Amino acid sequence: GQQLNQSPQSMFIQEGEDVSMNCTSSSIFNTWLWYKQDPGEGPVLLIALYKAGELTSNGRLTAQFGITRKDSFLNISASIPSDVGIYFCAGRATGTYKYIFGTGTRLKVLA
Amino acid sequence: EAGVTQFPSHSVIEKGQTVTLRCDPISGHDNLYWYRRVMGKEIKFLLHFVKESKQDESGMPNNRFLAERTGGTYSTLKVQPAELEDSGVYFCASSLDLRDEKLFFGSGTQLSVL
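Figured I'd write up the structure that's included with this text. Remember, it's a predicted structure, so these values are computed and weren't measured experimentally.

This part is about the nonpolar core. Counting residues in hydrophobic clusters, the biggest one holds 23 residues, and the most contacted among them are W32, W34, L74 and L107 of chain A. Of all elements in the fold, only β2 (10-14), β3 (19-25), β4 (29-37), β5 (44-49), β7 (61-65), β8 (71-76), β9 (85-93) and β11 (105-110) of chain A reach the threshold of two or more residues within this core. Leave out the neighbours within four places in its chain, and L107 of chain A touches M11, I13, V19, I76, D83, V84, G85 and Y87 of chain A. In this structure, V4, L46, M60 and V79 of chain B belong to the second largest nonpolar core, which totals 21 residues.

All names here are of chain B. Tracing the sequence through the fold places T109 in strand β11 (residues 109-113). Accessibility expressed as a relative area gives 0% for T109, which makes it buried. Reaching out from T109, the side chain makes a polar contact with the backbone oxygen of P8 at a distance of 2.5 Å. Among residues more than four places away in sequence, those in contact with T109 are Q6, F7, P8, S9, L21, G88, V89 and Y90.

With that out of the way, let us pick up the side chain of R64 of chain B. All names here are of chain B. Tracing the backbone through its elements, the reader meets R64 in the loop between β6 (53-56) and β7 (65-68). Within the structure, the side chain of R64 is placed 2.8 Å from the backbone oxygen of P81, a separation counted as a polar contact. The contact partners of R64, leaving out residues within four places of it in the chain, are K78, V79, Q80, P81, A82, E83, E85 and D86.

You'll often see interface size given as the accessible area lost when the parts meet. Counting residues at the interface gives 21 residues for chain A, matched by 17 residues for chain B. If you sort the residues of chain A by the area they bury against chain B, Y97, Y99 and F101 of chain A come out on top, with a joint share of 34%. Applying the counting rule to chain A against chain B returns 0 salt bridges. Contributions of two or more residues to the side of chain A that touches chain B are made by β4, β5, β9 and β10 (99-101) of chain A. It is β4 of chain A that contributes the most residues to the side of chain A that touches chain B, 4 residues altogether.

Further remarks concern the state of the cysteines. Residues and elements named next belong to chain A. Under the definition given, this model contains 2 disulfides over all chains. For C23, the disulfide goes to C89, at an S-S distance of 1.8 Å. Negative torsions about the S-S bond denote left-handed disulfides, and the value of about -90° found for C23 with C89 makes this one left-handed. Within this pair, whereas C23 is found in strand β3, its partner C89 is found in strand β9, the two being separated by 66 residues in sequence. Here the two residues C23 and C89 agree in accessibility, since each one is buried.

Turning next to the packing of aromatic side chains. Counted by the stated rule, this structure contains 12 aromatic pairs over all chains. Summarising the aromatic geometry, the rings of Y99 of chain A and Y33 of chain B are spaced 5.9 Å apart at their centres and angled 65° between planes, so their arrangement reads as edge-to-face. You can see Y99 of chain A sitting in strand β10 and its partner Y33 of chain B sitting in strand β4 (residues 31-37), one on each of two chains. We classify Y99 of chain A as buried; its relative accessible area is 2%. One aromatic cluster is present, formed by Y35, F88, Y99 and F101 of chain A together with Y33, Y35, F45, F91 and F105 of chain B through successive ring pairs. A cation over a ring is seen here: R22 of chain B above Y74 of chain B, with NZ or CZ 3.8 Å from the ring centre.

The subject of this paragraph is the sheet that holds β3 of chain A. All names here are of chain A. With respect to topology, 5 strands assemble into an open sheet ordered β1-β3-β8-β7-β6, the strand pairing being antiparallel. Each of the sheet's edge strands pairs with one partner strand only, and the pair in question is β1 (4-7) and β6 (55-58). Strand-to-strand, the axes of this sheet are offset by a mean angle of 15°, without reference to chain direction. Two strands pair when backbone bridges link them, and β6 and β7 are joined in this way by 4 bridges, in the antiparallel orientation.

What holds strands together in a sheet is hydrogen bonding between their backbones, with the strands either parallel or antiparallel. All names here are of chain B. One open sheet accounts for 4 strands, arranged β1-β3-β8-β7; its pairing is antiparallel. Of all strands in the sheet, those with a lone pairing partner are β1 (5-7) and β7, marking the two edges. Mean inter-strand twist for the sheet, computed between neighbouring axes without regard to direction, equals 15°. By the bridge criterion, 5 bridges tie strand β3 (residues 19-24) to strand β8 (residues 75-79) in an arrangement that is antiparallel. When the sheet's bridge partners are listed, L21 is paired in β8 with L77.

Reading guide: rules and limits
Residues numbered from 1 in each chain as written. Chains lettered and ligands numbered in written order. Predicted model: local features only at pLDDT ≥ 70, side-chain atom pairs only at ≥ 80, totals over all residues. Heavy atoms only, no water. Core = buried A, V, L, I, M, F, W, Y, C linked by side-chain atoms within 4.5 Å. Buried < 20%, exposed > 50% of the residue type's maximum accessible area, 1.4 Å probe, protein only. Helix = DSSP H or I, 4+ residues; strand = E, 2+ residues; numbered from the N terminus. Contact = heavy atoms within 4.5 Å. Polar contact = N/O pair within 3.5 Å; in protein donor to acceptor, adjacent residues only side chain to side chain. Buried area = accessible area lost by both parts, 1.4 Å probe. Salt bridge = Lys/Arg side-chain N within 4 Å of Asp/Glu carboxyl O. Disulfide = S-S within 2.5 Å. Phe/Tyr/Trp six-rings, centres within 6.5 Å; stacked < 30°, edge-to-face > 60°. Lys NZ or Arg CZ within 6 Å of the ring centre and 35° of its normal. Pairing = 2+ DSSP bridges. Axes fitted to C-alpha atoms, helices over the stretch in contact; angles between N-to-C directions.

Written out as structure tokens, the structure reads:
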């Protein structure tokens, strides 16, 4: 079945540092979505990507749809304490309307 | 505009009992999804409705799980009888239609089966 590998699993960084995380798929994806989940809440959509090579920003967040259509990257610049949480990628493969989620990257920011 | 709402937020039941979870999608959203996150693992797909029809139920674990979306509005997910391994957080998500792929999630129902 389809699998999404997300890395790193967790990160401890200093406030002000930049963060990068990525997801790779065994299948070609048509759509990539990036989410952030805070404790006790549902995932909140950060960025949606629809085309290979697409680069999209949302404030300090930037995500890219890999040109192979099998990977995606999320960068957070100048991290702040409220960036703490779990970040998930999700992708939709050709021929299906279900989204597969990565295992998440747990981010902790040290002030 | 109200977001996706789920009820209850928490449910603690004993093995063998029945539990019904409810999801109200964003008004006008045709697509409704159920997902489950178990013990800090990935968020796993359960099923997908388009209006009142089941588009894909390939993620449903077994026949103890029954999802319905009568009238194409809210949806229920019933677990009967519940087993210990059913514990986890059940999320509902909705999107406007198959062209607008932004998926919006509810806050989830934390289910604990003792």
